[in-house]
Amino acid sequence: MFLADYHTHTRYSHGIGSVMDNAMVAKEKNLREIAVTDHGFSHITYGIRRKDLANLRRDCIEASEVSGVKVLMGIEANINSLGTDLKPDDFRAFDIILAGYHKFAMPGRFSDFFNFTIPSALDTILKVKPSDRVDKLMTRAVVKAITTTPIDILTHISYGIHVDVGEVAKACRDYGTCIELNGKRICLNRDEFETILSSGVRLVVNSDAHSPDKVGDFSRGEEYLSQYSSEIMERVVNYEGVATDLRWYGRRDI
Ligand SMILES: [Zn+2]
Ligand SMILES: [Zn+2]
């Protein structure tokens, strides 16, 4: 049984429900904890605005009190060649930090436009896969993000632009970042997933719900893991009986 869903969206970015809506569905599904992780500031169309953070905090406190589910205030930061779109001063605003590459995020440097934005758009529109050079640059960007931002969870690895999962998994393991099995997309072949497993990194299964009814929907990740023996669940930090000592989680007030 999963106890927490650490990746959900609301109307503060690309979701359609409120923080309270997500919390009430989590309560119905007997979750102990959820994180509201709206898209990071540099997302062109849906990024949460810094001026909304105080309201988001207020909503998380209220939803926790009403639902009895612990509602963490998080963010799904955008990865770029500089690391992420979070500044060190932002870290303490959040209880939990997720990060992933998104096609519609502002470039960190001007060159990201040519290295990431155009290749991922060509892939989406014309199904032209990004080159090995682009994959290497993205691998470097993801590792830089992990080493410069206290990321609890790397979301949808290899979505948009493929990465060297072995290199990324080692960085995640060394820095205490979990690799997510995402409820909307899992962009890993079996060899890659076995490489991830052999690194010793920990895993998390999330919904990436953009509507309240999807909160606590772990079916895609569960199905993916069902190919393996049940011991694999000991690596999954939001599964019953497994310690949730995530990297940034709960450190906000230190
Ligand atoms: Zn995402
Ligand atoms: Zn998301």
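Everything below is about the structure shown above.
Note that this is a predicted model, so its numbers are computed, not measured. Residue numbers run consecutively from 1 along every chain, following the written order of its sequence. Here the convention is simple: chains get letters from A, ligands get numbers from 1, in the order in which they are written. The model is predicted, so local features are restricted to residues of pLDDT at least 70 and side-chain atom pairs to those at 80 or more, both for listing and for counting; the totals for chains, interfaces and linings are taken over all residues.

### As for the packing of helix 1 (residues 19-28) against helix 2 (residues 53-67)
Phase 1 of the analysis: In this analysis an axis means a line fitted to C-alpha atoms, helices contributing only their contacting stretch, and an angle means the value between N-to-C directions, from 0 to 180 degrees. A run of DSSP states H or I qualifies as a helix once it reaches four residues; a run of E qualifies as a strand once it reaches two. Both are numbered from the N-terminal end. Closest axis-to-axis distance for the helix 1/helix 2 pair is 9 Å, and the angle between their directions is 30°. Accordingly, the angle class assigned to the pair helix 1 and helix 2 is roughly parallel. When the axes of helix 1 and helix 2 are compared, the crossing they make is right-handed. Each of V19, M20, A23, M24, A26 and K27 in helix 1 lies in contact with helix 2, whose residues at this interface are D59, C60, E62, A63, V66 and S67. Here the word oblique covers every angle except those under 35 degrees (roughly parallel), over 145 (roughly antiparallel) and from 65 to 115 (roughly perpendicular). Each crossing gets its handedness from the near helix: less than a right angle anticlockwise from the far helix is left-handed, clockwise is right-handed. Throughout, a pair of residues is in contact if the C-beta atoms placed from their backbones lie within 7 Å.

### Brief notes about the nonpolar core
Phase 1 of the analysis: Linking buried Ala, Val, Leu, Ile, Met, Phe, Trp, Tyr and Cys residues through C-beta atoms within 7 Å yields a set, and such a set is a nonpolar core. Between the buried cut of 20 or more and the exposed cut of 12 or fewer other C-beta atoms within 10 Å of a residue's own C-beta lies the partly exposed class, and all C-beta atoms are placed from the backbone. With 70 residues, the main nonpolar core has I34 and I96 as its most contacted residues.
Phase 2 of the analysis: The element best represented in this core is helix 4 (residues 132-148), accounting for seven residues.
Phase 3 of the analysis: If we skip the residues at most four places from it in the chain, I96 touches Y6, A35, L72, G74, D152, L246, W248 and Y249.

### What about the pairing of strand 8 (residues 203-206)?
Within a regular strand, side chains alternate between the sheet's two faces.
Phase 1 of the analysis: With burial as the criterion, each face of strand 8 is covered, one bearing L203 and V205 and the other bearing V204 and N206.
Phase 2 of the analysis: Note that strand 7 (residues 178-182) and strand 8 share four bridges and pair parallel. Across the sheet, N182 pairs through a bridge with N206, a residue of strand 8. Here the rule is simple: two strands pair whenever DSSP picks up at least two bridges between them.

### Notes on the environment of D59
Phase 1 of the analysis: Note that D59 resides in helix 2.
Phase 2 of the analysis: For D59, a count of 21 C-beta atoms within 10 Å corresponds to the buried category.
Phase 3 of the analysis: Between the C-alpha atom of D59 and that of V71, which follows or precedes it by 12 residues, the distance is 9.1 Å.
Phase 4 of the analysis: Apart from residues lying up to four places away in sequence, D59 is in contact with V19 and M20.

### Notes on the packing of helix 5 (residues 165-175) against helix 6 (residues 190-199)
Phase 1 of the analysis: Helix 6 packs onto helix 5 with a crossing angle of 30° between their chain directions and a minimal axis gap of 9 Å. By the criterion of interaxial angle, the relationship of helix 5 to helix 6 is roughly parallel. Handedness of the helix 5/helix 6 crossing: right-handed. The segment helix 5 lies against helix 6, with V165, G166, A169, K170 and R173 engaging E192, T195, I196 and S199.
Phase 2 of the analysis: Gly falls in the polar group here, along with every residue not listed as nonpolar (Ala, Val, Leu, Ile, Met, Phe, Trp, Tyr, Cys, Pro) or charged (Asp, Glu, Lys, Arg). Split by residue class, the contact of helix 5 with helix 6 holds three nonpolar, three polar and three charged.

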